[in-house]
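# A look at the structure
For reference, the chains in residue letters:
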Amino acid sequence: MAASEISQPYPGPGLDTFPKLLLHNARMFPDKDAMREKEFGIWQSWTWQAVADEIERFTLGLRERGLEAGDKVLIIGGNRPRMYWSMVAAQVLGAIPVPTYKDSVAEEMQYVIEHSEARFVIAEDQEQVDKVLEVQHRCPMVELVIYDDPRGLKTYDASTAVDFEVVQQQGAEVRSSQPELFKTLCTQGKGEDISIILYTSGTTGQPKGVVLTFDNVLITAYQAALRDGLSENEENLCYLPIAWVGDHIFVAQSYCMGFCMNCPESEATVMADMREIGPTYYFAPPRVFESLLTNVQIRMQDAAPFKRKMYNYFMDVAKQVGIPLLEGKPVAMLDRCKYAMGKALIYGPLKDALGLGRVSLAWTAGEAIGGEIFDFYRALGINIKQLYGQTESSVFITAQPDGEVYPETVGRPSSGVELRIADSGEVMYRSPGAFHSYYKNPESTAATKTADGWVHTGDAGFITAQGHLRIIDRAKDVGKFSSGQLFAPKYIENKLKFFPHIQEAVTFGDGRDSCTAFINIDLGAVGNWAERNNVAYASYQELAANAEVYAMVQASVEEVNESLLSDEMLAHSQISRFLILHKELDADDGELTRTKKVRRALINDRYSILIDALYNGAEQCFIETEVAFEDGRVGKIAGDIKIADVKTFTSIASAS
Amino acid sequence: MSIQNTTADQQHNPAVLLDLKHISLSFGGVKAITDISFDIYEGEVRAIIGPNGAGKSSMLNVINGFYHPQQGEIWFDGKHRQAMKPYEIAYQGIARTFQNIALFKGMSVLDNIMTGRFTHMSKNLFWQALWKGPAEQEEIANRELVEHVIDFLEIQAIRKTPVGRLPYGLQKRVELGRALAAQPKLLLLDEPMAGMNVEEKEDMCRFILDVNDTFGTTIALIEHDMGVVMDISDRVVVLDYGRKIGDGNPDDVRNDQTVIDAYLGVSH
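Here we summarise the structure given alongside this text.

Reading guide: rules and limits
- Numbers given for residues are sequential positions, taken from 1 along each chain in its written order.
- Here every chain gets a letter starting at A, and every ligand a number starting at 1, in the order they are written.
- Given that this is a predicted model, residues contribute local features only at a pLDDT of at least 70 and side-chain atom pairs are listed and counted only at 80 or more, while totals for whole chains, interfaces and linings are drawn from all residues.
- The side-chain quantities take in all heavy atoms of the structure and omit both hydrogens and water.
- Strands here are runs of E lasting at least two residues and helices are runs of H or I lasting at least four, both read from the DSSP assignment and numbered beginning at the N terminus.
- Only heavy atoms enter the contact rule, under which two residues are in contact if any of them lie within 4.5 Å.
- In what follows, salt bridge is the name for a side-chain nitrogen of Lys or Arg lying within 4 Å of a carboxyl oxygen of Asp or Glu.
- Note on exposure labels: buried denotes an accessible area under 20% of the residue type's maximum, exposed denotes more than 50%, and partly exposed covers the range between, all computed with a 1.4 Å probe on protein chains only.
- The directions considered for the arc are those from the helix axis to the C-beta atoms.
- Buried area: the sum, over both parts, of the accessible surface (1.4 Å probe) that disappears when the two are put together.
- Here a polar contact is recorded for every N or O atom pair within 3.5 Å, except that within protein the pair must consist of a potential hydrogen donor and a potential acceptor, and residues adjacent in sequence are included only if both atoms are side-chain atoms.
- Basically, the charged four are Asp, Glu, Lys and Arg, the nonpolar ten are Ala, Val, Leu, Ile, Met, Phe, Trp, Tyr, Cys and Pro, and anything else, Gly included, counts as polar.

## A look at the environment of Ala 587 of chain A
Residue and element names in this part refer to chain A. Its location among the elements puts Ala 587 in the loop between β26 (575-580) and α20 (600-606). When the C-alpha atoms of Ala 587 and Val 549 are compared, they prove to be 25 Å apart, with 38 residues separating the residues in sequence. Aside from chain neighbours lying at most four places away, what touches Ala 587 is Leu 592, Thr 593 and Arg 594.

So, in structure tokens, the structure goes:
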């Protein structure tokens, strides 16, 4: 869709690429912080002018090293300023950055390198460089690896691996002879040029490279920023994988609005760093909000009785009063007073401890979020809302407007987005953010994007009476029981996962007569429970097989069954039997994607014995599974798994 | 600011940093060390191995001045060393870690590592007591160096955590940090990998090699894990019952029949 249909597509006339925005920001906000990173215990900062300078030297250095327009640059690393700068540097030269998940193993990386034909790799540290060098003999197209952190790399061959700063020095020399070169290069790109290729983790098969143009990313980001009233004074924490569109879109918003991005010191310090920065604008997958809440709950259970009582009392007040207050509805004077007291005693300090003290707007997306979790944050006065998007749409498809926040829906279409539900029940959209194509994969592109620009989301959903979109499940996952009734696995799994002691759940029922489930317990929450109740255990496996844990999970499953009863469309899909898996589902074993989504086909295959046991009435089942350890070695876990029957709540549902 | 010190440049031409000549040490009638001589080159990783009771830790204690040998000479950095107190030797540039971690359990990781900078603090109590002044400058400079050590050892997340609350493997890393903070010429590691799991061992190996690589620090280490010793050290000295029975590069030592018999076991 043409950008002209939107009244103000870009932050300024002609500002349609990242390089142009960079120059613009360096002119508009020369002394304003653009980027911070905590290093050596102190927040180091770069102004927009300094960022432009860093990128300029690196760009010219890359050019000197032979990077040309149309080349691909693989970028692999954590949330480091130089990783972000590399993307823009590549774009200035007309090359295309391909960011990759830093925890991907060498083979996964090899696939992306081969598929994208990357000539240059920009890697964060020795670990990543080693991975590239490991696969380099199979990927001869890689000419040069540039690393950010030189530690341990001193002895490496300088013709294949070179320090980021060395490249920058080369660039500085070029600049001294051609001072205007960078500016000229920056203005060359156009909005419709390809800006980035993002590889989706792919719940099925090999990852696909989603090609996005500058228009896709920048128009979508800017429209969302306008709607949310963002200014150049926002503070944002960059802690999501750089290869994820959810991170990239905030980088785009930072470039559009000129606000500051903050990189944490290390992955382990994100919570502490977030508290120090106090972001005003925050995005997290439901999983993060969930684990924050679980943490709070665990720690409150361990708190002194007085504190615990105070917490419980004021949280009850917050749940009654906080949400109407946030939505601007009338609230009685006495309740307001109680809430104000709670704010001083509990909510304020709690929000501060969570690093959410200054958050005026928080987004969540990717998965459904539990009503209880959602309400907890809203009750505290944090305006958390859901949006719906995917890599192919440059994130924003729908978003919840203020005052119209319902836990089960994902809101109204964003500006410029057209939405429709296909006859099959699949959600489709057409928007300025709709992706260009899948890289080197015209069949998939044609299957996903119609000739007139409509994109299949792959999600089944419908529009509610309020005009909001409600997503039920992945369209391909929605199945039918042998009775012909609808089976929506993810819907049920999400209900299960809202219990703090359930980490992950996989349900089965397609083509069967009833619904059954695999459960992964949450080692943190259940481990804490075990400690408090003097339950001894030596491993995850032992804890998972504990009878009391089974009883606890069983109670939760029954609660889910009871709640399903009230949903007319899904009352028949109550869970009749379940088991607790002997190991955590793990991305290293291929059972989850890197973004922690369940790979159903693989699980169906690997655990077929267990699934059969769920349906043939067996009381336990022996299983042996291969597991990959973090250092790459492979071991085996074996054991008997108990299968539990659950009470179901209607006469229609299959008897257990 | 860098924790690199001057020895790094001299790696190519191995100069002797520490030379032990005919050392004998006994406690009453018990002979711990009998007539042992060996040297440590600048910039190398030197391992001392041997069965239990071979005199390894005693040897380390002789080097850092905790024990005074009854016989023999110690030459450090080109000078003949007289009997000294351990703290005097610390000032000379020898730092160590201990077999059984010796940290201040109640203090934070940061404070523990800061104590490693003690030998580099010169301001007296008067200046220390003032908020502003030269002591503050000194403290800032030292803190900056300590932060580099923390960054190097990747322990940013536990900077403010009391050491007593940390798992064993991390405490070992903090202890290494404290020794590194002293910017030693010679770093003594007493069983740095004892009691660690495979992953922690791999991490520790990487840190030891990186320390040697990046800062050029000379390292002498005692270790039981033969795989580790053979992998990371340049030269190995083997002790048994207080005597030296082998000395050379790892491959030679591994194939030396006396060493195999004494340490790796005789096949019957």
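## As for the pattern of salt bridges
All names here are of chain A. One pass over the structure, following the stated rule, counts 53 salt bridges over all chains. The shortest N-O distance in the salt bridge between Asp 193 and Lys 190 comes to 3.8 Å. When its relative accessible area of 43% is taken as the criterion, Lys 190 is described as partly exposed. With a shortest N-O distance of 2.8 Å, Glu 404 and Arg 412 are connected by a salt bridge. With relative accessibility at 22%, the residue Glu 404 sits in the partly exposed group. One network of salt bridges, in which partners are shared, links Glu 37, Arg 80, Arg 82, Glu 124, Asp 148 and Glu 165.

## Details of helix α10 (residues 270-277) of chain A
All names here are of chain A. Buried residues of α10: Val 270, Asp 273, Met 274 and Ile 277, and no others. Each buried residue of α10 lies within a common arc of 100° when the element is viewed along its axis, so the set occupies one face. Each element contacted by the buried residues of α10 is listed here: β1 (33-39), β2 (42-47), β10 (235-237), β11 (260-263), β12 (281-283) and α13 (333-354). Of the residues flanking the end of α10, it is Gly 278, one or two places downstream, whose phi is positive at about 60°.

## Concerning the interface of chain B and chain A
Note: interface size is frequently given as the accessible area lost on complex formation between the parts. Across the boundary between the two partners, chain B contributes 15 residues, which contact 13 residues of chain A. Each partner contributes to the roughly 1,200 Å² buried at the junction of chain B and chain A, and carbon and sulfur atoms together form 44% of this total. Taken together, the connections running from chain B to chain A amount to three salt bridges. Note that Arg 159 of chain B and Glu 265 of chain A form a salt bridge whose closest N and O atoms lie 2.4 Å from each other. Where chain B touches chain A, the interface holds six residue pairs in polar contact (both at pLDDT 80 or more). Sorting the residues of the side of chain B that touches chain A by element identifies α5 (134-152) and α7 (198-215) of chain B as the ones contributing at least two each. With seven residues, the single largest contributor to the side of chain B that touches chain A is α7 of chain B. Looking at the side of chain B that touches chain A residue by residue, the classes come out as three nonpolar, three polar and nine charged.

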